Amino acid sequence: MKRVIALISVLILLMGSTACAKKASDAPSGGKTPEKANGTTAQNESGATTPQGDPVIVTNENGVTVTAPQGGTNGTTTAGGAGSASQGTTAKPATQTATGEGDAFKGLTVLDNAKCRIHVTDVDPNGASGYVMHVSLENRSTKAAYYFSVDEATVNGVAVGPLMAVEVAAGQKVEESILLSNILPKGVDIGEYTDILLNFSVSDANDWAAPPIAQAIGRVYPKGADKASVYRRTPQEGDRVLLDTDAMTVIAVNTAENAAMHYYYSDVYFVNKTKDAVMLSLEGTTINGVEIEPRFGTLLEGGCSTFGKIVWLNNTLAGSHIDKVEEIRFTLCAYARSVLESVTDDTEEPPHVLKETLTYKP
């Protein structure tokens, strides 16, 4: 249990809070389901970025309509937020939105305060490396180096990332690229990118234990908000549907060896149909009846889906005299993040959102 708690603690610290559209959890299990959004209002309704207080619709310096919480600006903490002895929680940042790509994209200031600035300058669907977003990162501190990162992201409701991490010296500005291609398993096509959400975080590069200096969420609708869609995988030939309940869908997609990197893997598609973020972990994993612990663990927001990669090192399989993988079996555990944040080493096993033993033959 302590191993599970340790993994949970690391993931909660490392991963931010990205939200998917509310109706993603209501979408049918197959196909790419179109989901219309009503600009910034729909996003607030989605639960993605609801700030404290009613949102105020404003226009940023680039003429882009955005939302901001009443009584504060993006990147600030409201009363009772970080540093507050009375509550100790940080309000979710507002989502800054923009539409278009290429020449149609006019830029998006995701965060702009006295300490730092994050500005998406360009969205290029035909970059040399694939679909790319270019960002300008500015550290306005005169003393401290800041660490800018994209902790979590979604494309068409599919969680991907982390996608960017860079240290910026005090008083400096850097230009970075966020690659949104080559992030999915081989053969997976989620269609045109219609809804891109990025969760940015800024922290002190020399104090990893300190709370974030600022957090911000940027959302881009390349084809327009009315064209935004949510991807849901229709089972393909060779897929193994392992679970399909009101809480979660689990589909084994690809299972193969990566000879160059000396590991065996199984790509598994997960859909979190609940409203809450869940931590996914595996227990009692066996291959051909032999218990072999894989590398796996992921935090998945409510209404989101993701392609998780379960990995076994080749030398571990060889040490168990396994030349051919004939059967994979594991118990999938899903814990609500709200429950896990209060877990300690002395806590008995926390309640599960889901606990199912799944078996499949590659």
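Values in this document were obtained by computation on a predicted structure and should not be read as measured data.

Here's the deal with the overall build of the chain
Here comes step 1: Counting its secondary structure elements, the chain contains 4 helices and 23 strands.
Here comes step 2: In the chain, once contacts between residues fewer than 6 apart in sequence are set aside, the share between residues at least 24 apart is 66%.
Here comes step 3: Of the roughly 16900 Å² of accessible surface on the chain, a fraction of 48% belongs to carbon and sulfur atoms.

Describing the packing of aromatic side chains
Here comes step 1: The tally for this structure, following the rule as stated, stands at 9 aromatic pairs.
Here comes step 2: Ring centres 6.3 Å apart and planes at 40 degrees place the aromatic pair tyrosine 231 and phenylalanine 307 in the tilted group. Note that tyrosine 231 is positioned in strand S14 (residues 229-231) and phenylalanine 307 in strand S21 (residues 305-313), a separation of 76 residues in sequence. Each member of the pair tyrosine 231 and phenylalanine 307 is classed as buried.
Here comes step 3: Taken together, Tyr231, Tyr269 and Phe307 form an aromatic cluster joined through their ring pairs.
Here comes step 4: One cation-aromatic arrangement involves lysine 309 over tyrosine 265; the distance from NZ or CZ to the ring centre is 4.1 Å.

Here we look at the sheet that holds strand S11 (residues 173-179)
Here comes step 1: Spatially, S5-S6-S7-S11 is the arrangement adopted by the 4 strands of the open sheet, whose pairing is antiparallel. The open sheet has two free edges, formed respectively by strand S5 (108-112) and S11, since each of these has just one partner strand. Ignoring which end each strand starts from, the neighbouring axes of this sheet average 25 degrees apart.
Here comes step 2: Where strand S7 (residues 130-139) and S11 come together, 7 bridges link them in antiparallel fashion. Within S11, the position partnered with serine 136 by the bridge is glutamate 175.

With respect to the pattern of salt bridges
Here comes step 1: All chains considered together, the criterion is met by 13 salt bridges.
Here comes step 2: Two residues, arginine 117 and aspartate 112, come together in a salt bridge whose shortest N-O distance is 3.6 Å.
Here comes step 3: In this structure, lysine 361 engages glutamate 327 in a salt bridge whose closest nitrogen and oxygen atoms are separated by 3.6 Å. Of this pair, lysine 361 sits in the segment after strand S23 (354-360) while glutamate 327 sits in the loop between helix H3 (314-319) and strand S22 (328-336), placing them 34 residues apart in sequence.
Here comes step 4: Residue classification places glutamate 327 among the partly exposed residues on the basis of a relative accessible area of 25%.

With respect to unusual backbone geometry
Here comes step 1: Positive phi values are uncommon outside glycine, yet asparagine 156 reaches one of about 55 degrees.
Here comes step 2: With respect to the helices, strands and loops of the structure, asparagine 156 is situated in the loop between strand S8 (146-155) and strand S9 (158-160).
Here comes step 3: Even without being a glycine, histidine 321 presents a positive backbone phi close to 60 degrees.
Here comes step 4: Residue position: histidine 321 is located in the loop between H3 and S22.
Here comes step 5: You can call histidine 321 exposed: its relative accessible area is 71%.

A look at the nonpolar core
Here comes step 1: Counting 42 residues, the largest nonpolar core has Met133, Phe148, Ile178, Leu180, Leu198 and Phe200 as the members making the most contacts within it.
Here comes step 2: Those residues in contact with leucine 180 that lie beyond four places of it in its chain are Tyr131, Met133, Val155, Leu163, Tyr193 and Ile196.
Here comes step 3: Counting residues in hydrophobic clusters, the runner-up holds 30 residues, among them Leu282, Ile322, Val325 and Tyr360.

What about the pairing of strand S13 (residues 214-221)?
Here comes step 1: With 7 of 8 residues buried, S13 is to be regarded as a mostly interior element.
Here comes step 2: Here strand S4 (residues 95-99) runs beside S13; their pairing, made up of 5 bridges, is parallel. The partner of threonine 95 across the bridge, within S13, is isoleucine 217.
Here comes step 3: The pairing of strand S12 (residues 196-204) with S13 spans 7 bridges and is classified as antiparallel. Bridging across to S13, serine 201 finds its partner in glutamine 215.

Some details on the environment of phenylalanine 330
Here comes step 1: In this fold, phenylalanine 330 is placed in strand S22.
Here comes step 2: For phenylalanine 330, a relative accessible area of 0% corresponds to the buried category.
Here comes step 3: The sequence separation of phenylalanine 330 and isoleucine 287 amounts to 43 residues, and the corresponding C-alpha distance is 8.9 Å.
Here comes step 4: Residue contacts for phenylalanine 330: discarding those within four places in its chain leaves Leu242, Leu282, Glu283, Gly284, Thr285, Ile310, Glu356, Thr357, Leu358 and Tyr360.

Things to note about the confidence of the model for the chain
Here comes step 1: When pLDDT is averaged across the chain, the result is 78; 74% of the residues are at 70 or more.
Here comes step 2: Strand S15 (residues 240-244) holds the highest mean pLDDT among the elements of the chain, 97, whereas strand S2 (residues 55-59) holds the lowest, 30.
Here comes step 3: Across residues 1-18, confidence stays below pLDDT 50; counting only partners more than four residues off in sequence or on other chains, it has 44 contacts.
Here comes step 4: For the stretch residues 21-90, pLDDT sits under 50, and the model shows 152 contacts to residues farther than four places along the chain or on other chains.

Describing the side chain of serine 149
Here comes step 1: Within the secondary structure, serine 149 is located in strand S8.
Here comes step 2: For serine 149, a relative accessible area of 7% gives the class buried.

About the cut-offs
Residues numbered from 1 in each chain as written. Predicted model: local features only at pLDDT ≥ 70, side-chain atom pairs only at ≥ 80, totals over all residues. Heavy atoms only, no water. Helix = DSSP H or I, 4+ residues; strand = E, 2+ residues; numbered from the N terminus. Contact = heavy atoms within 4.5 Å. Areas by Shrake-Rupley, 256 points an atom, 1.4 Å probe, with all protein chains shown as cover. Phe/Tyr/Trp six-rings, centres within 6.5 Å; stacked < 30°, edge-to-face > 60°. Buried < 20%, exposed > 50% of the residue type's maximum accessible area, 1.4 Å probe, protein only. Lys NZ or Arg CZ within 6 Å of the ring centre and 35° of its normal. Pairing = 2+ DSSP bridges. Axes fitted to C-alpha atoms, helices over the stretch in contact; angles between N-to-C directions. Salt bridge = Lys/Arg side-chain N within 4 Å of Asp/Glu carboxyl O. Core = buried A, V, L, I, M, F, W, Y, C linked by side-chain atoms within 4.5 Å. pLDDT = per-residue confidence, 0-100.

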